[in-house]
Amino acid sequence: MPHILVATFNGGLFRVTPEAAMVEFTGRFVRSLTPDGKGGVLAIADGNRLYRRSPEGAWAVIAQSDHELACCVAVGEVIFVGTEDARLWHLDADGIWHHLDSFDDVEGRDTWYAGAMLVDGVLRGPPLGVRTLAVTCDGAALLANVHVGGIPRSADDGQTWRPTLPVDWDVHQVNAHPTRPDLVIAAAAAGLCLSRDGGATWTLERRGLHATYGSAVAWGRHDLFVAASTDHFSAQGALYRRPIDSDGPLQRVGDGLPPWQDGIIDSDCIATRGALVAIIDRAGRLYLSQDDGNTWTELPHRIPGPMGLHIL
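Each value, and the rule that gives it
Residues numbered from 1 in each chain as written. Predicted model: local features only at pLDDT ≥ 70, side-chain atom pairs only at ≥ 80, totals over all residues. Heavy atoms only, no water. Helix = DSSP H or I, 4+ residues; strand = E, 2+ residues; numbered from the N terminus. Rg over C-alpha atoms; globule rule 2.2 N^0.38 Å. Contact = heavy atoms within 4.5 Å. Areas by Shrake-Rupley, 256 points an atom, 1.4 Å probe, with all protein chains shown as cover. Lys, Arg positive; Asp, Glu negative; His and termini not counted. Charge placed at Lys NZ, Arg CZ, Asp CG, Glu CD. Pairing = 2+ DSSP bridges. Axes fitted to C-alpha atoms, helices over the stretch in contact; angles between N-to-C directions. Buried < 20%, exposed > 50% of the residue type's maximum accessible area, 1.4 Å probe, protein only. Salt bridge = Lys/Arg side-chain N within 4 Å of Asp/Glu carboxyl O. Phe/Tyr/Trp six-rings, centres within 6.5 Å; stacked < 30°, edge-to-face > 60°. Disulfide = S-S within 2.5 Å.

What exactly am I supposed to notice about the overall build of the chain here?
Along the chain, the regular secondary structure elements total one helix and 30 strands. Scaling as 2.2 N^0.38, a compact globule of 312 residues should have a C-alpha radius of gyration of about 20 Å, and the chain matches this with 18 Å. Residue pairs in contact within the chain that sit at least 24 positions apart in sequence constitute 45% of those at least 6 positions apart. Accessible surface, the chain: about 12,600 Å² in total, of which carbon and sulfur atoms supply 50%. Charged side chains in the chain number 25 positive and 38 negative. The centres of these two groups are separated by 4 Å.

Even after reading the chapter, I still don't get the sheet that holds strand β2 (residues 12–16), so can you show me in this structure?
Backbone hydrogen bonds are what pair the strands of a sheet, in a parallel or an antiparallel way. With antiparallel pairing, the four strands of this open sheet are ordered in space as β3-β2-β1-β30. Both outer strands of the open sheet, β3 (21–26) and β30 (306–311), are each paired with one neighbouring strand and no more. When strand polarity is set aside, the average angle formed by the axes of neighbouring strands in this sheet is 20 degrees. As defined by bridge partners, β2 adjoins β3 across five bridges and the pair is classed as antiparallel. When the bridges of β3 are listed, Val16 appears paired with Ala21.

Can you walk me through the pairing of strand β18 (residues 184–188) in this structure?
Note on strand geometry: in a regular strand, side chains alternate between the two faces of the sheet. With respect to burial, β18 is a largely interior element, five of its five residues being buried. Going residue by residue along β18, you find Val184, Ala186 and Ala188 tucked away on one face and Ile185 and Ala187 tucked away on the opposite face as well. In terms of strand pairing, strand β17 (residues 171–176) meets β18 through five bridges, oriented antiparallel. Residue pairing across strands places Val171 opposite Ala188, the latter belonging to β18. Bridge count for β18 against strand β19 (residues 191–195) is five bridges, and the pairing is antiparallel. Bridging from a neighbouring strand, Ala188 pairs with Gly191 of β19.

Any chance you could explain the environment of Ile96 here in plain terms?
In this fold, Ile96 is placed in the loop between β10 (88–91) and β11 (97–99). Owing to a relative accessible area of 44%, Ile96 belongs among the partly exposed residues under this scheme. Between the C-alpha atoms of Ile96 and Pro126, which are 30 residues apart in sequence, the distance is 28 Å. In contact with Ile96, other than residues within four places in its own chain, are His90 and Leu91.

It is not clear to me how the pattern of salt bridges should be interpreted in this structure. Could you clarify?
Tallying each qualifying case throughout the model produces 21 salt bridges. Two residues, Asp36 and Arg52, come together in a salt bridge whose shortest N-O distance is 3.1 Å. Linking Asp36 in the loop between β4 (30–35) and β5 (41–45) with Arg52 in strand β6 (residues 49–53), this pair joins segments that are 16 residues apart in sequence. Residues joined by salt bridges that share partners form a network here, namely Arg180, Asp182, Arg196, Asp245 and Asp247.

Explain the packing of aromatic side chains to me, please; I cannot follow it from the model alone.
One pair of aromatic rings is described through two measures. These are the centre distance and the angle between the planes. All chains considered together, the criterion is met by six aromatic pairs. Considering the side-chain rings of Phe103 and Trp112, the 5.7 Å spacing of their centres and the 50 degrees angle between planes classify their relative orientation as tilted. Accessibility assignment for this pair places Phe103 and Trp112 in one class, buried. Between Phe103 and Trp161 the ring centres are 5.1 Å apart and the planes differ by 75 degrees, which places this aromatic pair in the edge-to-face class. A residue pair is termed long-range when its members are at least 10 positions apart, and Phe103 in helix α1 (residues 101–104) and Trp161 in the loop between β16 (153–154) and β17 qualify at 58 residues.

Please explain the state of the cysteines as it appears in this structure.
By definition, a disulfide is the covalent link that joins the sulfur atoms of two cysteine residues. This model, assessed by the stated rule, comprises zero disulfides. No disulfide involves Cys72; its sulfur sits 7.2 Å from the nearest other cysteine sulfur, which is in Cys71. Classification of Cys72 by relative accessible area gives buried; the value is 3%. No disulfide involves Cys137; its nearest neighbouring cysteine sulfur is the one of Cys72, lying 19 Å away.

How should the sheet that holds strand β27 (residues 276–280) be read in this particular structure?
Read from one edge of the open sheet, four strands run β26-β27-β28-β29, paired in antiparallel fashion. Each of the sheet's edge strands pairs with one partner strand only, and the pair in question is β26 (270–273) and β29 (297–302). Each strand of the sheet is rotated relative to its neighbour by a mean of 20 degrees, with strand direction disregarded. Pairing between β27 and strand β28 (residues 285–289): four bridges, direction antiparallel. By the bridge assignment, Val277 is partnered in β28 with Ser289.

Is there a simple way to think about the pairing of strand β1 (residues 4–8) in this case?
Taking burial as the measure, the five residues of β1 include five buried ones, the bulk of the element. Every second residue of β1 is oriented toward a common face, with Ile4, Val6 and Thr8 on one face and Leu5 and Ala7 on the other, all of them buried. In this structure, β1 lies alongside β30, joined through five bridges in antiparallel fashion. Paired with Ile4 across the strands is Ile311, a residue of β30. Where β1 and β2 come together, four bridges link them in antiparallel fashion.

Shown next, in the form of structure tokens:
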């Protein structure tokens, strides 16, 4: 039976099956659910604490920081962590934090800016920060999605960095393929970004999308998935797919999935594992496919304030 972890903005962390929704954390801001490379799961909670969930389901704090943590990714025995002020740290195997000064010196950093837009006359949006992190499956390239600052890339374990795609593409999530080191995708306000050389260079894809604002991406076994909407605060969003090695237009996902989701599918809110694909929209409606996204079922649990998914 599928078990899905759902991180939320202020409701804690839930473990959801088609039959029940169980609370694993209560009343906390949880984000950045990501594999730890050892059968467990990493998460950031309470703003500055890094947690690990063991394969048996026990959560424990593995580190605490003086900084507001935003995302993490495990690379061997090291965990790289991005912060809300657009800095990078890594936590070594002994639990010691190291600031990556090299990331502060990446070319073009002075052109980065906080993402914001006017909504009902009010300027809204997150601060300038590292929104998501990814590493190619061979460990050769580390990619940091800065919002808004493009995707700096390191090919030497974070010692040096170089910019890749344009800052104004406004990237919201970067995701490396789990078995093919050449493939990386990213969701951006400009559309779907695709790299076939490990994130060194990128192409932009918009064909088939009803709107270009990409908010989340994921790799299935046969297809890539991207969520699109008109803007971050849109009342509607939609999910698209395309065979991984195809160059054709993106196709709207249906077959049990409504044509419109209730608000956007935000960063980290598409999860895959084998034939399983799960999504959650801004209203907390959770949908599951057990056949690679071909057919879908809405689970009978509304999880408000979703910040990410992970399929166990």
